[in-house]
Amino acid sequence: MKIAVIGQSLFGQEVYKELRKEGHIIVGVFTIPDKDGKADPLATEAEKDGVAVFKFPRWRLKGQAVAEVVAQYKATGAELNVLPFCSQFIPMEVIDHPRHGSIIYHPSLLPRHRGASAINWTLIHGDKKGGFTVFWADDGLDTGPILLQRECDVEPDDTVNTIYKRFLFPEGVKGTVDAVRLIAEGKAPRITQPEEGATYECIQKKDNSKIDWNQSAEALHNWIRGNDKVPGAWAEVEGQKVTFYGSTLVDSSTAANGQPLEIPGACKPGLVTKSGLVLFGNDAKTLLVKNLMFEGGKMISAAQYFRTGGSATVELTEEEKAFAEQMRAVWASILTNVAQIEDATDFFKSGAGSMDVVRLVEEVKLRASSCQLQNEDVYMNTTFMDFIQMCVRKLRGEDEEAELVVDYVEKNINHMTIKMPHQLFINGEFVDAEGGKTYKTINPTDGTAICDVSLAQISDVDKAVAAAKEAFEEGEWGRMNPRDRGRLIYKLADLMEEHQEELATIESIDSGAVYTLALKTHVGMSIQTFRYFAGWCDKIQGSTIPINQARPNRNLTFTKKEPIGVCAIVIPWNYPLMMLAWKTAACLAAGNTVVLKPAQVTPLTAVKFAELAARAGLPKGVINILPGSGALVGQRLSDHPDVRKLGFTGSTEIGKHIMKSCAVSNVKKVSLELGGKSPLIIFSDCDMDKAVRMGMSSVFFNKGENCIAAGRLFVEENIHDQFLKRVVEEIKKMKIGDPLDRSTDHGPQNHKAHMDKLVEYCQTGVKEGATLVCGGKQVARPGFFFEPTVFTDVQDHMFIAIEESFGPVMILSKFKSNDVDEVLRRANATEYGLASGVFTRDISKALYVSEKLNAGTVFVNTYNKTDVGAPFGGFKQSGFGKDLGQEALNEYLKTKAVTIEY
């Protein structure tokens, strides 16, 4: 079909390109004259293709069509006029001339919101549905018969820009081309517009977009977002016209702390807070505005309104001066109408538009990849000098982010001063829990309180999830290059290493871990884990897949690995920092955001980690830490509709409950590392010295508070007594005491309730007839110390043979010599399958046993040998999913298949 495209803008350009791809002949493009020496994008594209381009300043004069213009149009021989976006008045002599008439794209669901500001009014009226119409042009204003309509949901915080970019632009291009296809096929309907529900609103301009403050918060929010970015809702503030951008509805707690700002006509003063400017409706509800623009075009973060004087001018190095000159050349290439780029040249007053902003941001990335600009940075630094100063500060890492405020609890301990945050960490800030609720975290060495810790409530969970969702969907993290993401995670690992002694000390006093073990394993492996997964960030990839071709066409199918979104992580108390690292590192490497609940009894290294993550430069909202109860915080995370993945380490009982909640709420992806009763088989042909040493470690490592601890040792009968004697001798050498003492082998159990359960566990073993060789009771000293314990003569039916102690309790059972299959049967006769082990010098026997043991990890002639590169996870009721290694990434990724026909 021969088509005349009448219109302008990038939208018109895209429609033009798609029509040509469909095989239509564009006989002419009619667009607006050049502005400041720059052609409209539609004109530029058509001229490149050699299509005739007409740039009439007007089609009518004094109400009459300009004859010469109409004649030039008719000479093209168009069979259809397509008006994708047109700001000129086109005479009916042109509209009705083609054989098929004229069709127009309109960004509303007609007959609602007729007029040139349809998108604005869709938002101003708070419509829940938006969309566009392609209609047949007539002599009315947007009143012609409907050819095609498509609708979308209007999101609560949509602006003109977001709904346009998300739906009205991409789907509008497709819809306009589909409409032409229907015309070409003779299938295009003409549906008369109903008058019922028809509205017509005026064009939104600066002079009629002033804010009327006598409205509800929702109405104010709709007015501001409905004018964002053009023309911009404004009000008089302190004698000057200020325009408001980036509005969201928030709860009243956002306004808890802020500096009052008087706004004439408002029902009460606004509050300038760390998050932005909080405004109040006449219903006492609140909204938050993120950015403000002054009359001169200068835009600032609303949170910085009261900052005076600004930052001192940065003196540039020679390298930075060279960068500045490169950018001066870029500005000159964009602002072709400006003879010379001076320091005071204003980007927008010189004619730049929104597409020029996008280009400028990309040009900066090409020349300085570490300078990650957002479009807002350009709007807030409009002169060349301000722009360069802003870029240089970013390159130096001196962004004007508000300084992290931490209310430390400080203690002089372990030959150092440790500084411990103790509040919730939400959206990049340490904050109190709702209602100021707190609880005491206890030092298990002496039973005294370390400090008060904020106790998260359900509303805190909702705030954290909202922050994580915004960071993923709208923030820098979601747009960041994988390699840059890896760079930040490496930086976090480096900071953890700088603070490793402090972290290990906090871990010791909060969990009872022996300091040397905390330094090497709790903290050391955590650092290794973050470094390992930082290296994976830019190596996550899909694959191409051969499929049957749709002859005569061909197909290409490929997969993409994409982050899931907001992930919840719930961790246990035995390795507080390491369990955080095992899950969080993989989660972040995959590109997700995190809301993490540490164990209520061991929160301190998690909130210290949050501080280090913020100082490493991870964007706000990416990591959120919520100390609190499992029944409240853990349950809400399981139920929350915006959480798409939950990773849990803990008991099987709680794991089952979480799995059910995740299924019922929104079928979350789940990974569970649950209970264990790991068997260790020791054959008579073992290296006895190594078997004793490793057998001790398999049970007493980290005070037995170890998910893969050997819950039951099967010792071949002809070496049983010798093995037992050697173990008891070694236990007698163990030093029980202060975990900060470098010579201590065995520290306190994590908390009193756990120690009490261990006492009860051992009492049960004695009652059932097992032989208590040593231990079995609390140590007579302050704190929660429990003696290393050994039971022998343990029969398969006994409670202690079946259930996990999660403490320093060795359970010994004999097995008959050379009866490999029988001991394997007994070892596998458990509902758990987390880990297992075998000691033998016979490699054939070792391989056979490792094949038959039904557990996620099998150790041969070693134990507790985990590594960041090896996957870790269990079978059966020990859960599913993996931590560590490449497989852990799959727990935090989703696979998308894309098939293209060509």
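The present account deals with the structure reproduced in this document. (Residues numbered from 1 in each chain as written. Predicted model: local features only at pLDDT ≥ 70, side-chain atom pairs only at ≥ 80, totals over all residues. Heavy atoms only, no water.)

A tally of helices and strands in the chain yields 28 helices and 40 strands. Considered along the principal axes of its C-alpha atoms, the chain spans approximately 115 × 70 × 60 Å. For the chain, the residues scored as buried account for 54% of the 902 residues in total. Within the chain, contacts between residues separated by at least 24 positions form 69% of all contacts whose residues are at least 6 apart in sequence. For the chain, the centre of its 103 positive side-chain charges and the centre of its 116 negative side-chain charges are spaced 3 Å apart. (Helix = DSSP H or I, 4+ residues; strand = E, 2+ residues; numbered from the N terminus. Buried < 20%, exposed > 50% of the residue type's maximum accessible area, 1.4 Å probe, protein only. Contact = heavy atoms within 4.5 Å. Lys, Arg positive; Asp, Glu negative; His and termini not counted. Charge placed at Lys NZ, Arg CZ, Asp CG, Glu CD.)

Next up on the list: empty space enclosed by the protein. Under the definition given, this model contains 3 cavities of 30 Å³ or more. Volume-wise, the largest cavity comes out at about 90 Å³. Along the wall of the largest cavity there are 14 residues; nearest its centre are Ala-709, Gly-711, Glu-804, Ser-805 and Phe-806. Listing elements by their share of the lining of the largest cavity, those giving two or more residues are β31 (710–716) and β34 (809–815). (1 Å grid on protein atoms, 1.4 Å probe; cavity = no way out; pocket = protein on both sides within 12 Å on 5 of 7 lines; lining within 4 Å. Points joined across faces, edges and corners; volume = space filled by probe spheres on them.)

This part covers the packing of aromatic side chains. This model, assessed by the stated rule, comprises 28 aromatic pairs. Aromatic side chains Phe-294 and Tyr-305 sit 6.2 Å apart centroid to centroid with 35° between the ring planes, which places their arrangement in the tilted category. Of this pair, Phe-294 sits in the loop between β15 (286–293) and β16 (299–301) while Tyr-305 sits in the loop between β16 and α9 (318–334), placing them 11 residues apart in sequence. Considered together, Phe-294 and Tyr-305 belong to a single accessibility category, that of buried residues. (Phe/Tyr/Trp six-rings, centres within 6.5 Å; stacked < 30°, edge-to-face > 60°.)

Turning our eyes to something else, we now look at the environment of Asn-553. By the element assignment, Asn-553 lies in the loop between β23 (544–545) and β24 (555–563). On the basis of relative accessible area, Asn-553 is assigned to the partly exposed category, the value being 33%. The spatial distance from the C-alpha of Asn-553 to the C-alpha of Asn-574 is 59 Å, given a sequence separation of 21 residues. Dropping the residues within four chain positions of it, Asn-553 is found in contact with Glu-901 and Tyr-902.

Turning our eyes to something else, we now look at helix α19 (residues 604–615). The end-to-end C-alpha separation of α19 is 17 Å, in line with the 16 Å expected for 12 residues at 1.5 Å each. Within α19, 10 of the 12 residues are buried, which leaves it mostly tucked inside the rest of the structure. Within α19 the residues assigned to the buried category are Leu-604, Thr-605, Ala-606, Val-607, Lys-608, Phe-609, Ala-610, Glu-611, Leu-612 and Ala-613. Positive backbone phi, at 100°, marks Gly-617, one or two positions downstream of α19. (Expected span 1.5 Å × (residues − 1).)

Counting residues in hydrophobic clusters, the biggest one holds 108 residues, and the most contacted among them are Met-496, Phe-530, Leu-588, Ile-682, Leu-713, Phe-723 and Met-810. With near-sequence residues (within four places) excluded, Phe-530 lies in contact with Ile-489, Leu-492, Ala-493, Met-496, Leu-580, Ala-581, Thr-584, Ala-585, Leu-588 and Phe-609. Formed by 33 residues, the second largest nonpolar core is a distinct cluster that contains Ile-103, Leu-123, Cys-152 and Leu-168. (Core = buried A, V, L, I, M, F, W, Y, C linked by side-chain atoms within 4.5 Å.)

The N-to-C vectors of helix α16 (residues 500–511) and α19 enclose an angle of 155°; their axes lie 9 Å apart at closest approach. Overall, the two elements α16 and α19 adopt an arrangement that is roughly antiparallel. In contact with Glu-502, Leu-503, Ile-506, Glu-507 and Asp-510 of α16, α19 contributes Leu-604, Thr-605, Lys-608 and Leu-612. Residues that form the contact of α16 with α19 fall into these classes: 4 nonpolar, 1 polar and 4 charged. (Axes fitted to C-alpha atoms, helices over the stretch in contact; angles between N-to-C directions. Parallel < 35°, antiparallel > 145°, perpendicular 65-115°, else oblique. Nonpolar A, V, L, I, M, F, W, Y, C, P; charged D, E, K, R; others polar.)

On to the layout of surface pockets. What the second largest pocket holds in volume is close to 1,400 Å³. Here the element with the most residues in the lining of the second largest pocket is helix α24 (residues 752–767); it accounts for 7 residues. Split into classes, the residues belonging to the lining of the second largest pocket amount to 18 nonpolar, 18 polar and 7 charged.

On the surface, Glu-155, Asp-157, Glu-473 and Glu-474 cluster together into a patch of negative charge. Assessed through its relative accessible area of 38%, Asp-157 is described here as partly exposed. (Patch = residues over 30% accessible without salt bridge, like charges linked within 9 Å, V, L, I, M, F, W, Y side chains within 5 Å. Areas by Shrake-Rupley, 256 points an atom, 1.4 Å probe, with all protein chains shown as cover. Salt bridge = Lys/Arg side-chain N within 4 Å of Asp/Glu carboxyl O.)

Let us now look at the sheet that holds β23. Strand order across the open sheet formed by 3 strands is β23-β24-β40, with antiparallel pairing between neighbours. The two strands at the open ends of the sheet, each matched to only one other strand, are β23 and β40 (893–901). Bridge count between β23 and β24: 2 bridges; the pairing is antiparallel. Bridging across to β24, Thr-544 finds its partner in Phe-558. (Pairing = 2+ DSSP bridges.)

A few words on the sheet that holds strand β8 (residues 129–136). Taking strand neighbours across the sheet as the criterion, the 7 strands line up as β3-β2-β1-β6-β7-β8-β9 in an open arrangement whose pairing is mixed. Looking at which strands have only one partner, the edges of the open sheet turn out to be β3 (53–54) and β9 (146–153). One ladder, built from 5 bridges, connects strand β1 (residues 2–6) with strand β2 (residues 25–30); its direction is parallel. The residue of β2 that forms the bridge with Ala-4 is Gly-28. Here helix α1 (residues 9–21) sits on the sheet in contact with β1, β2, β6 (80–83) and β7 (102–106), set at roughly 165° to β2. On top of the sheet, helix α7 (residues 170–184) reaches β1, β6, β7, β8 and β9; it is set at about 155° to β9, its chief contact.

The next point concerns helix α15 (residues 482–498). Here α15 contains 17 residues, and its C-alpha end-to-end distance of 24 Å stays within 8% of the 24 Å for a straight helix at 1.5 Å per residue. Among all positions in α15, only Asp-484, Arg-485, Gly-486, Leu-488, Ile-489, Leu-492, Ala-493, Leu-495 and Met-496 are buried. Lining the buried residues of α15 we find α14 (476–479), α16, α17 (515–534), α18 (576–589) and α19.

Moving on, we come to the environment of Leu-19. Structurally, the position occupied by Leu-19 is in helix α1. Take Leu-19: its relative accessible area is 0%, and that puts it in the buried class. Taking the C-alpha atoms as reference points, Leu-19 and Phe-348, separated by 329 residues in sequence, lie 32 Å from one another.

Take unusual backbone geometry next. With an omega of 15°, the peptide bond running from Leu-110 to Pro-111 counts as cis. Mapped onto the elements of the fold, Pro-111 is located in the loop between β7 and α5 (118–124). Pro-231 follows Val-230 through a cis peptide bond whose omega is 0°. You can see Pro-231 is positioned in the loop between α8 (217–226) and β10 (233–237). Within the chain, Asn-414 stands out as a residue other than glycine whose phi angle is a positive 55°. With a relative accessible area of 9%, Asn-414 lands in the buried category.

Moving on to the state of the cysteines. Under the criterion given, the structure shown has 0 disulfides. Sulfur of Cys-686: no disulfide; nearest cysteine sulfur belongs to Cys-774 and is 20 Å away. (Disulfide = S-S within 2.5 Å.)

What follows concerns the pattern of salt bridges. Throughout the structure, instances matching the rule amount to 51 salt bridges. A network of salt bridges, in which partner residues are shared, links Glu-22, Arg-150, Asp-178 and Arg-181.

Another point: the packing of helix α20 (residues 630–639) against helix α21 (residues 652–666). Two elements in contact, α20 and α21, have axes whose closest approach is 7 Å; the angle formed by their N-to-C orientations is 40°. Relative to α21, α20 is oriented oblique. Contacts between α20 and α21 involve Gln-635, Ser-638 and Asp-639 from the former and His-657, Ile-658, Ser-661, Cys-662 and Ser-665 from the latter. Looking at the contact of α20 with α21 residue by residue, the class counts come to 2 nonpolar, 5 polar and 1 charged.

Okay, the pairing of strand β26 (residues 593–597) next. For β26, a buried count of 5 out of 5 residues is recorded, marking the element as mostly surrounded by other parts of the structure. Residues Thr-593, Val-595 and Lys-597 of β26 are buried on one face, and the alternating residues Val-594 and Leu-596, pointing to the opposite face, are buried as well. Across 5 bridges, strand β25 (residues 566–570) lies against β26 in parallel orientation. The partner of Val-566 across the bridge, within β26, is Thr-593. Traced from β25 through α18 to β26, the parallel crossover comes out right-handed. Examined bridge by bridge, β26 and strand β27 (residues 623–625) share 3 bridges and lie parallel to one another. (Right-handed = clockwise from strand over helix to strand, strands pointing away.)

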